[in-house]
Every structure is written in C-alpha cells, then in structure tokens.
Amino acid sequence: MTLPSDALMILDVSTLVFAGGLVSLASGVFLLLHWLQTREDRAAFISGAANFGAGIGVVIIALQASLPGWVSTILAPLIFGVCSAGIWAAARILGRGSIYWRSLTMALAAAIAIPLAAGASGHDRIAAALGLGSSSALFAAGALEFWLGRGERLRGRWPMIALQISEAIALFLAAIEAASRESSQLPSMSVFGIIHFVALVYAGGSAISLITMLKDRSEIKHRAAALIDPLTGLANRRAFMDWAQSRLAKNMREDKPISLLAFDIDNFKQINDNFGHPTGDRVLRIFADVLSNAARPADIAARIGGEEFALALPDCATDAALAIAQRIRSAFQDDAQFVNGQSVKATVSVGVGVAPPSERGGSLGDLIAIADGALYRAKKLGRNRVTLAIPECPDPDPGKVIRVA
Ligand code: GH3
Ligand code: MG
Ligand code: MG
C-alpha cells in the first residue's frame with residue numbers, strides 16, 4: 001500500500017518522532033513497574049530498560065537541533081544499539097530463560113564501537129546506516145526467538161512477532177535511507193516517515209504484548225501447580241478425578257474397558273514413626289517413581305491422598321491390569337527395601353477395579369469404591385498383595401493375585 005504523499009505531508013516528522021519517544025519512555029516505565037511487582041520476570045526488566053533507553057534516544061533525535069552535534073550523531077546511535085541488543089536479550093530470556101552471552105557481548109561491542117569510530121572519523125552517514133542495520137538484525141533475531149518458542153501457547157506472541165518483524169523492516173529501510181541521504185539531519189516526511197509510525201506502534205504494542213505473554217505464562221504455571229502434587233510431581237486428586245471421569249465416560253460410550261488400581265502403602269505410619277518423616281517422604285517419592293515408570297503415556301498416575309495413589313489404565317482389561325498391578329507391587333518392594341541407608345522394607349497393597357461395571361452404575365465414584373473395596377480386602381488378608389474386585393477364590397500368599405467379592 002502506498003500512502004499519498006499529501007497525506008504524509010500533513011504530519012510533522014519532528015512531532016511524530018517526539019511522540020514516539022514519549023510512548024517509548026512510557027512503555028519502558030510500564031514494563032519496569034511490572035518487573036518491580038514480579039521480580040522473576042527478568043524479560044520485563046530488560047525490555048523495560050531497553051524501551052526507556054530507546055525513548056531517551058528518540059527524544060535526543062527529536063531535539064537534535066538544540067543539542068550539541070555529538071549527542072545526536074554519537075550518543076543517540078550508541079543508545080539505540082545497546083537498547084536493540086536489550087530487546088533481543090529480553091526475547092531470549094523469555095524464550096529460553098538465558099542469554100547467549102557471547103553473541104550479546106559482540107552485539108553490544110558493535111553497538112558501542114560503530115558510533116564511536118564514526119564520530120572519530122566523521123563518517124556519520126555510514127555509521128547511522130550500520131547502526132540501523134545492526135539494530136534491524138537484532139529485532140529480526142528477537143522475532144525469531146519468539147517464533148521458536150511458539151510451542152508455548154501465549155496470547156501476545158504473534159502480535160509481538162509481527163511488531164518485531166515490522167520494526168526490523170522499518171530499521172532496515174531507515175538504514176537504506178541513512179546510507180543514501182545527503183545530510184545527517186532528520187529526513188523530510190517521505191514514505192520512510194512510516195518508519196516513525198512503526199516505532200511508535202512498536203513501543204506501545206510490544207509492552208502490552210510482553211505483559212500479556214508474561215501474565216499468560218504465570219496463569220498457566222499456577223493452573224498446572226493446582227493440579228500437581230508438589231512432593232511427588234504426580235497429578236493430584238483433583239486432576240485425577242477430572243481426567244479419569246472424562247476418560248471413563250469415553251470408554252463406556254465406546255464399550256472399551258478401563259481399569260483402576262488403588263494403592264495404599266503398608267504400615268506407613270510405622271515407617272514415619274521408626275525412620276522419621278523425611279524417610280517417609282522419600283518412600284512416597286520412590287513409589288511415585290515406580291508408578292510413573294509403569295504408566296503408559298495414556299495412563300494417569302496420581303497421588304490421591306497421604307500415602308494413597310491411583311493409576312487409571314484406559315483400554316486395559318482385567319488380566320493386563322492385574323499384571324501391571326503385580327509388577328508395580330513387586331518393583332516397589334525391591335526399590336523400597338533400603339531407603340536412605342536404612343532397612344525400611346516398605347510394601348504396598350493394591351486393589352484392582354475394572355469398568356465398565358454397567359450393572360453397578362458405571363460412574364468414577366463406583367469404580368473407585370470397587371477398587372477401594374478390593375484394597376481393603378488386601379489389607380485384611382495381610383498386605384503386600386494385589387486383589388481384584390471379582391468374586392473368585394482368595395489366595396492369601398504375598399505376591400500372588402487374589403480375587404475378592
Ligand atoms: P495401613 O497398612 O493400614 O495402610 O497402615 P498405615 O499406617 O499406612 O495407615 P494410616 O492411614 O494409619 O497411616 C497413614 C500415615 O501416612 C499417617 C500420616 O502421618 C502419614 N502421611 C500422610 N501424608 C504424609 C506425607 O506427606 N509424608 C509423610 N512422611 N507421611 C505422611
Ligand atoms: Mg491410607
Ligand atoms: Mg497405608
């Protein structure tokens with residue numbers, strides 16, 4: 001799209017540049033205030049400092065007529081270079097949590113050396129073109145960082161990518177303009193006046209996009225934390241109930257089986273009393289590891305109470321469920337024999353329920369009650385065993401599967 005030159009002539013480029021500078025300063029303050037409240041959002045600090053610094057640079061350019069020459073020809077480009085490196089660093093911190101120090105040092109060294117060398121030799125035009133060109137590359141690198149992290153769905157990511165690409169293009173065009181124009185003064189309002197619009201929109205839009213991304217990330221983190229048991233890293237009861245309920249309903253509709261294993265660590269109170277709470281916690285983590293290793297990707301393993309765990313096995317019928325339960329029981333017995341150098345000898349009892357229990361109603365509550373009933377029988381029969389909630393003859397030997405009513 002080409003704007004008619006008349007329309008552009010209405011705008012005064014100095015006013016536009018000055019307004020852009022103020023928006024940049026304000027967005028910098030906005031990001032820095034966010035960082036003051038949420039110190040772990042380092043991207044907000046770096047980006048805020050960069051926007052604020054760029055705002056100072058833009059105001060310097062807007063006021064260049066009343067400032068000493070070196071301020072606009074050396075200091076302002078130096079500030080822009082350093083701030084562009086900051087924008088890229090912020091994108092990297094947000095995407096990967098770390099800065100690639102070697103590249104950042106090189107970018108900063110170039111940002112400082114180019115205006116200083118140009119100032120010393122009097123090649124303002126070439127220096128401006130090189131400075132703008134390297135800033136353009138840094139904004140493009142920032143856009144690339146945001147794009148590489150696109151697997152993490154955050155509102156604000158795509159607007160941020162669009163803004164960074166627009167700014168990279170604008171700076172590239174500005175570099176071409178700087179290289180081709182005669183003086184180092186502000187250009188008259190040509191089609192490249194668009195560059196200043198882009199800078200203004202970038203300053204405001206990037207701050208809003210970044211805050212939206214950071215807020216989304218924090219919300220996702222909190223939502224995930226509300227569904228995870230902090231001690232074991234397994235799903236908690238709430239997550240288990242939500243997921244297992246919907247999976248059970250799906251399997252019932254499709255007439256496919258789903259098994260539920262209910263686990264309760266044996267004599268756990270005694271373990272705490274004899275070996276201490278930290279050893280008890282370690283036992284819980286060992287069991288969680290055994291459970292996670294036994295679970296397939298489609299299964300859900302959860303800690304649903306103090307020393308009570310559950311494993312839902314979609315599309316898994318009785319024999320497979322019993323085999324898995326037995327494997328977990330046996331692996332835990334091996335792994336929890338010695339804990340923290342002590343002979344703890346922890347064991348687990350397992351109750352197995354299999355749905356669809358159509359004759360019993362078929363809700364998750366029913367299935368849990370069935371598995372719990374079997375677990376209760378396992379405890380009564382001596383612990384460290386697997387029982388199935390189907391009427392059959394009991395076998396009380398540890399390590400053997402028994403079938404109970
Ligand atoms: P049973 O074989 O019948 O299951 O006996 P039990 O001792 O395991 O059962 P009980 O329900 O009496 O004891 C459970 C104990 O688990 C009591 C509680 O202090 C302990 N507990 C619950 N949550 C935690 C935890 O997060 N860490 C530790 N170390 N202990 C816990
Ligand atoms: Mg218990
Ligand atoms: Mg117990």
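Thresholds applied
- Residues numbered from 1 in each chain as written.
- Chains lettered and ligands numbered in written order.
- Predicted model: local features only at pLDDT ≥ 70, side-chain atom pairs only at ≥ 80, totals over all residues.
- Heavy atoms only, no water.
- Helix = DSSP H or I, 4+ residues; strand = E, 2+ residues; numbered from the N terminus.
- Buried < 20%, exposed > 50% of the residue type's maximum accessible area, 1.4 Å probe, protein only.
- Contact = heavy atoms within 4.5 Å.
- Areas by Shrake-Rupley, 256 points an atom, 1.4 Å probe, with all protein chains shown as cover.
- Donors = N, O, S within 2.8 Å, 3.2 Å for Na, K, Ca; no water.
- Near = heavy atom within 4 Å.
- Polar contact = N/O pair within 3.5 Å; in protein donor to acceptor, adjacent residues only side chain to side chain.
- Core = buried A, V, L, I, M, F, W, Y, C linked by side-chain atoms within 4.5 Å.
- Phe/Tyr/Trp six-rings, centres within 6.5 Å; stacked < 30°, edge-to-face > 60°.
- Lys NZ or Arg CZ within 6 Å of the ring centre and 35° of its normal.

Caption draft 1: Molecular detail of the overall build of the chain. A count of helical and extended segments in the chain gives 13 helices and eight strands. Taking all 405 residues of the chain together, the buried fraction comes to 46%. Considering only contacts in the chain between residues 6 or more positions apart, those separated by 24 or more positions represent 68%. Taken as a whole, the chain presents about 19700 Å² of accessible surface, with 62% of it coming from carbon and sulfur.

Caption draft 2: Region of the structure containing the coordination of the magnesium ion (ligand 3). At the metal site, the magnesium ion (ligand 3) is ligated by Asp 264 (OD), Ile 265 (O) and Glu 307 (OE), and these contacts range over 1.8 to 2.2 Å. The sequence motif formed by the donor residues of the magnesium ion (ligand 3) is D-I-x41-E. Between the magnesium ion (ligand 3) and the magnesium ion (ligand 2), the interatomic distance is 3.7 Å, and Asp 264 donates to each metal, bridging them. Of this pair, Ile 265 sits in strand β1 (residues 258–265) while Glu 307 sits in the loop between β2 (300–303) and β3 (308–314); the two residues are 42 residues apart in sequence, bridging distant segments of the chain. Across this residue pair, the class does not change: Ile 265 and Glu 307 are buried.

Caption draft 3: Representation of the coordination of the magnesium ion (ligand 2) within the structure. Donor atoms from the polypeptide that coordinate the magnesium ion (ligand 2) comprise Asp 264 (OD), Glu 307 (OE) and Glu 308 (OE), at 2.3 to 2.5 Å from the metal. Mapping the donors of the magnesium ion (ligand 2) onto the primary sequence yields the spacing D-x42-E-E. Residue Glu 308 is classed as partly exposed on the basis of its relative accessible area, which comes to 32%.

Caption draft 4: Quick look at the site of ligand 1. Around ligand 1 there are 16 residues in total, and Asp 264, Asn 267, Phe 268, Asp 281 and Arg 383 lie nearest to it. Within the side chain of Asp 281, an N or O atom sits 2.6 Å from a nitrogen atom of ligand 1. At a separation of 2.8 Å, an oxygen atom of ligand 1 approaches a polar side-chain atom of Arg 303. When isolated, ligand 1 has an accessible area of 660 Å², and the protein chains bury 66% of it. Listing elements by their share of the shell around ligand 1, those giving two or more residues are β1, α10 (268–275) and α11 (277–294). It is α11 that contributes the most residues to the shell around ligand 1, four residues altogether.

Caption draft 5: View of the nonpolar core. By size, the foremost hydrophobic cluster in this structure holds 34 residues, and its most contacted members are Leu 261, Phe 263, Phe 332 and Val 352. Listing elements by their share of this core, those giving two or more residues are β1, α10, α11, β3, α12 (318–335), β6 (348–355) and β7 (386–388). Looking at this core element by element, the count peaks at seven residues for α11. If near-sequence neighbours (up to four positions away) are discounted, Val 352 is found in contact with Leu 260, Leu 261, Ala 321, Leu 322, Ala 325, Ala 371, Ala 374, Val 386, Thr 387, Leu 388 and Ala 389. The next biggest cluster of nonpolar side chains, apart from the first, holds 25 residues, and it includes Leu 31, Ile 93, Leu 154 and Met 213.

Caption draft 6: Just the packing of aromatic side chains, in detail. On inspection of all chains with the given rule, the structure shows five aromatic pairs. Relative to Phe 45, the ring of Trp 35 has its centre 4.6 Å away and its plane inclined at 45 degrees; by these criteria the two rings are tilted. One end of the pair, Trp 35, is in helix α2 (residues 13–37); the other, Phe 45, is in helix α3 (residues 42–62), and ten residues separate them in sequence. Residues Phe 139 and Tyr 202 carry aromatic rings whose centres are separated by 5.2 Å and whose planes lie at 80 degrees to one another, so their mutual orientation is edge-to-face. Of the two residues, Phe 139 is situated in helix α6 (residues 124–148) and Tyr 202 in helix α8 (residues 194–225); the sequence distance between them amounts to 63 residues. Overall, the relative accessible area of 6% leaves Tyr 202 in the buried class. What links up through ring pairs into an aromatic cluster is the set Phe 263, Phe 287, Phe 309 and Phe 332. Seen from the ring of Trp 35, Arg 39 lies directly overhead, with NZ or CZ sitting 4.6 Å from the centre. Geometry around Trp 147 places Arg 150 over its ring, the cationic atom sitting 3.7 Å from the centre.

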